[in-house]
Amino acid sequence: MTPINGSTSISLPKFDTLKKLLFLVILLGASPIAIAQDTAKKDLKIGLVLSGGGAKGLAHIGALKVIEEAGVKIDYIGGTSIGAIVGALYAAGYTATELDSIFRTTDFTNLIEDNLPRSAKTFYEKEDSERYAITLPFNNFKVSAPPAYSGGQNVYNELVKLLYPVKNITEFDKLPIPFLCLATDVETGEEVVLTEGYLPLSVMASGALPSLFEPVKIGDRLLIDGGVVNNYPIQKVKEMGADIIIGVDVQHGLRKRDGLISATEILMQINNYRTVLDMEEKSKLTDIYIRPEVSKFSVIDFNLYDRIIESGSVAAEKSFEELKKLALVQHSANRTIAKVMPSENLIIDRLTLIGSADYSRGYIKGKLRLGNDKETTFSRLQQGVGNLAATKNFQTIHYQLQDNQEGEELILDLTENPVKTFVRLGAHYDDLYKTAAMLNVTRKELLSQDDVLSFDLIIGDNVRYNFQYYLDKGSYWSFGLNSRFNDFNKEIDFDIIRGNFDVPQGVNLSTINIDVTDLTNQIYVETVLREEFAFRTGIEHKLIKYGTRTLAQRGEGEDPLGQQTVDGKTLFE
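Residues numbered from 1 in each chain as written. Predicted model: local features only at pLDDT ≥ 70, side-chain atom pairs only at ≥ 80, totals over all residues. Heavy atoms only, no water.

*Asks:* Help me understand helix 8 (residues 153-162), please; the structure alone is not making it clear to me.
*Replies:* It helps to recall that an α-helix has 3.6 residues per turn; residues three or four apart then point in one direction. For helix 8, the tally of buried residues reaches eight of ten residues, placing the bulk of the element in the interior. If you check which residues of helix 8 are buried, you get Gln153, Asn154, Val155, Tyr156, Asn157, Leu159, Val160 and Leu162. The inward-facing, buried residues of helix 8 abut helix 4 (82-92), helix 5 (96-104), helix 6 (108-113), helix 9 (199-206), helix 15 (378-390) and strand 13 (394-403). (Buried < 20%, exposed > 50% of the residue type's maximum accessible area, 1.4 Å probe, protein only. Helix = DSSP H or I, 4+ residues; strand = E, 2+ residues; numbered from the N terminus. Contact = heavy atoms within 4.5 Å.)

*Asks:* Looking at this model, I keep getting lost on the pattern of salt bridges. Mind explaining?
*Replies:* Pairing between side chains of opposite charge can happen when their charged atoms approach one another. According to the stated counting rule, one finds 17 salt bridges in the structure shown. Aspartate 185 is the partner of arginine 221 in a salt bridge, and the nearest nitrogen-oxygen pair spans 2.9 Å. Of this pair, arginine 221 sits in strand 8 (residues 221-225) while aspartate 185 sits in strand 5 (residues 179-185), and the two are 36 residues apart along the sequence. Among the residues examined, arginine 221 registers a relative accessible area of 26% and is labelled partly exposed. (Salt bridge = Lys/Arg side-chain N within 4 Å of Asp/Glu carboxyl O.)

*Asks:* Is there a simple way to explain the environment of asparagine 486 in this structure?
*Replies:* With respect to the helices and strands, the residue asparagine 486 is situated in strand 19 (residues 478-493). Put simply, asparagine 486 and asparagine 466 are 20 residues apart on the chain and 8.6 Å apart in space, counted from C-alpha to C-alpha. Setting aside anything within four residues of it in sequence, one finds asparagine 486 in contact with Tyr433, Arg464, Val516, Thr517 and Asp518.

*Asks:* What am I meant to see in unusual backbone geometry here?
*Replies:* Negative phi characterises most residues that are not glycine, and trans characterises most peptide bonds. Positive phi is not limited to glycine here, since serine 81 has a value of about 60 degrees. Tracing the backbone shows serine 81 in the loop between strand 2 (76-80) and helix 4. Although it is not a glycine, lysine 392 sits at a positive phi angle of roughly 65 degrees. Tracing the chain through its elements places lysine 392 in the loop between helix 15 and strand 13.

*Asks:* Help me understand the nonpolar core in this model?
*Replies:* Within soluble globular proteins, side chains that are nonpolar tend to cluster in buried spots. Core analysis: the biggest nonpolar cluster contains 99 residues, and Val72, Ile74, Leu99, Phe103, Phe179 and Ile246 have the highest contact counts within it. For this core, the element with the highest residue contribution is helix 4, accounting for nine residues. In this structure, this core is formed jointly by two domains, domain 1 (46-114 + 150-256 + 268-329) and domain 2 (345-416), each of which donates at least three residues. (Core = buried A, V, L, I, M, F, W, Y, C linked by side-chain atoms within 4.5 Å. Domains from an automatic or database assignment.)

*Asks:* Could you clarify how one ought to interpret the packing of aromatic side chains in this entry?
*Replies:* Between two aromatic rings, the relevant description is the distance of the centres plus the angle of the planes. Considering all chains together, one arrives at 13 aromatic pairs under this definition. Each ring, one from tyrosine 156 and one from tyrosine 399, has its centre 5.5 Å from the other, and the planes form 85 degrees; the classification is edge-to-face. Of the two residues, tyrosine 156 sits in helix 8 while tyrosine 399 sits in strand 13, which places them 243 residues apart along the sequence. As far as the burial class goes, tyrosine 156 and tyrosine 399 line up, both buried. Arranged with centres 5.2 Å apart and planes meeting at 55 degrees, the rings of tyrosine 359 and phenylalanine 394 form a pair that is tilted. Here phenylalanine 394 lies in strand 13 and tyrosine 359 lies in the loop between strand 11 (345-354) and helix 14 (361-368), a separation of 35 residues in the sequence. Summarising the burial analysis for this pair, tyrosine 359 and phenylalanine 394 share the class buried. Connected via pairs of aromatic rings, a cluster forms that spans Phe103, Phe108 and Phe302. The ring of tyrosine 164 has lysine 167 sitting right over it, with the charged end atom 4.2 Å from the ring centre. Seen from the ring of tyrosine 524, arginine 536 lies directly overhead, with NZ or CZ sitting 3.8 Å from the centre. (Phe/Tyr/Trp six-rings, centres within 6.5 Å; stacked < 30°, edge-to-face > 60°. Lys NZ or Arg CZ within 6 Å of the ring centre and 35° of its normal.)

*Asks:* Can you walk me through the sheet that holds strand 12 (residues 375-377) in this structure?
*Replies:* Backbone hydrogen bonds are what pair the strands of a sheet, in a parallel or an antiparallel way. Read from one edge of the open sheet, four strands run 12-11-14-13, paired in mixed fashion. Strand pairing shows two members of the sheet lacking a second neighbour, strand 12 and strand 13, which therefore form its edges. Put simply, the sheet's adjacent strands are angled 50 degrees from each other on average, direction ignored. As judged from the three bridges shared by strand 11 and strand 12, these two strands associate in the antiparallel manner. Paired with leucine 346 across the bridge in strand 12 is threonine 376. Relative to the sheet, helix 15 contacts strand 11, strand 12, strand 13 and strand 14 (408-416), its axis offset from that of strand 13 by approximately 155 degrees. (Pairing = 2+ DSSP bridges. Axes fitted to C-alpha atoms, helices over the stretch in contact; angles between N-to-C directions.)

Below, the structure is given as C-alpha cells:
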C-alpha cells in the first residue's frame, strides 16, 4: 500500500480474501460487515462534517491539524456557518497550519463591526459622524431600524481575498476538495444546499447569523445562517459519496440562565431546542465523532482563539489512533491538492454594475477610485468598496472577480438603501458657543442622482445654522454649495479694536465684550486625492459684523465709535 505524506509503507500479508478482511477488522476494531463493505471499493472516500457554532468553530482548525498529522486525506467537506467558512478555505487548498495563521492575525472585532477607516468618508461625512450622537433613518415618515448589527461587508471583503485563487470555480465539486454548505431561506424556512455559484457569497450566506449579520441575497432567495435548519449536514456529505464520516461538532447544549448573557446567545438557545435532539441521532451516524470541549466559550469569543483552537486539537487527539488506522486503508495516496497561492495584485480592465438605478456609473467609479490604470491591489479595491459603504447609500455591496481575455472583470452587485432621509441629534458645549442642542436633517437624491443635502440647526445660547448641498462624484470633480451662519459673543482685548478701527483719542478701556455675526456663502468644485487631500476651488461671500454694547454710552458731544443701532449697539464693519 502506498503511504500518504511520506509515511512508512505497510505491506499486508498475502492471506486469502477472508483472512485479509479479518486482519482489517482487527486493525480497525470495526465490524466485519462494515469493513468488508468499505474496503471492497476501489477507493475509500472520507467525508468531513464541520458544524456551526460561531467563535467556537475555531476548534475546527485544531481538529484539522490532528487529522492531517494522522495522514487522513479528506475527499468531501460539508459545513454550516463557521464550519462553512473553515471548510471552504480548506477545500480551496489551505492547510490547517495556514488557516491557523490566517485566523490568528484576523481582527474579528473590526470584521464583525464593519468598522471603516476614517479616510473612506468624505469630509462632510466625517464631520457629521463625529458631531452627532444619534442617527435615526426615516422612511415614509417612520423611524426605521437596520436589519442586523452588521452588514458583513468586511467579512465579505476578506472572503473574496482569501478565496481569490479559486474565483473561477463555480461548481463546488470542482474545488480541490469537493465542498457544499447550507443556508436557510428566511422567507420559507427551507434548507438550501449551496453547491454552485460564487463561493465567497455562498459561504457568507451560510454564516449570516440572524441579528448579527444581514441576510444575503442569492438569486431570488434571501438567505441566513444554515444552522437555523441544519447545523451538522452529515446526510448531505454522505450523499456526496462519503463512505466514512469524520465529524467535528462545536455546538453546545442548552445553557442555563446565567449563560444567556447576550441576544446572540438567546437566539442560539432557541435554535438549539431542535438541534440538540437532532445530534443524538447524527452523532451515531458519524464514524469518528470529534467533540471539542467548548461549552465555556460563547459564539463571539473570537479573542480566545488560542484556547479554542487548542480544544479542537485535544478532542481530535482522543481519536488519533482511529484516524491513523483510517489513513492506512485509504487509496488516496496519488491524489494531490494544488498549493493555494493568494495574490495581492489585480488587473481590472472591466467594470460591470448590477442594481444601481439611482446612482450613476461615474459616481460609483469615482468612489472606487478606478482610473485608467488597470493594475491595482486588493487593498486599493477594498478601500474603494469602503468608500462606497461609507456613503450609507447601499445596504449590501457584493462583488465578484472573474477572468477575461486581458485581465479581470469586476462585477459589482449593489443593493441600494431605500432610506434617503436621516435625522441626527446631538448636544454641544464649549467656551465660545456655550450650551446648544443640535438637529440635523440629511436628504439624499433630492434634486439629482448622487447628491446630498444637509441642514444643521443649533439652538442654545447662540443660534446657528449650517446648510450644505453636495453633488458627489468621488475622485471626479464634485460640486458643492454651502451657507453658514454663526453668532457668538466674547470678551476681548480692546487693543484689537483700536488696531483695526478708527478709535478717537481718550477712550480708556482694557477689554470689551463683543458680539460677532458671520454669514458665509460658498460655491465650489472639489476633487479628492489619495483619500487624504481635497482640492477645492470656488467663490465665497462673507459678511462679518462686530458689535458691542460696552460703547453705547458716550459723553455729550463725543463722536460715536461706530455705527449705532436703534437698540443701542455699536457696530464695526
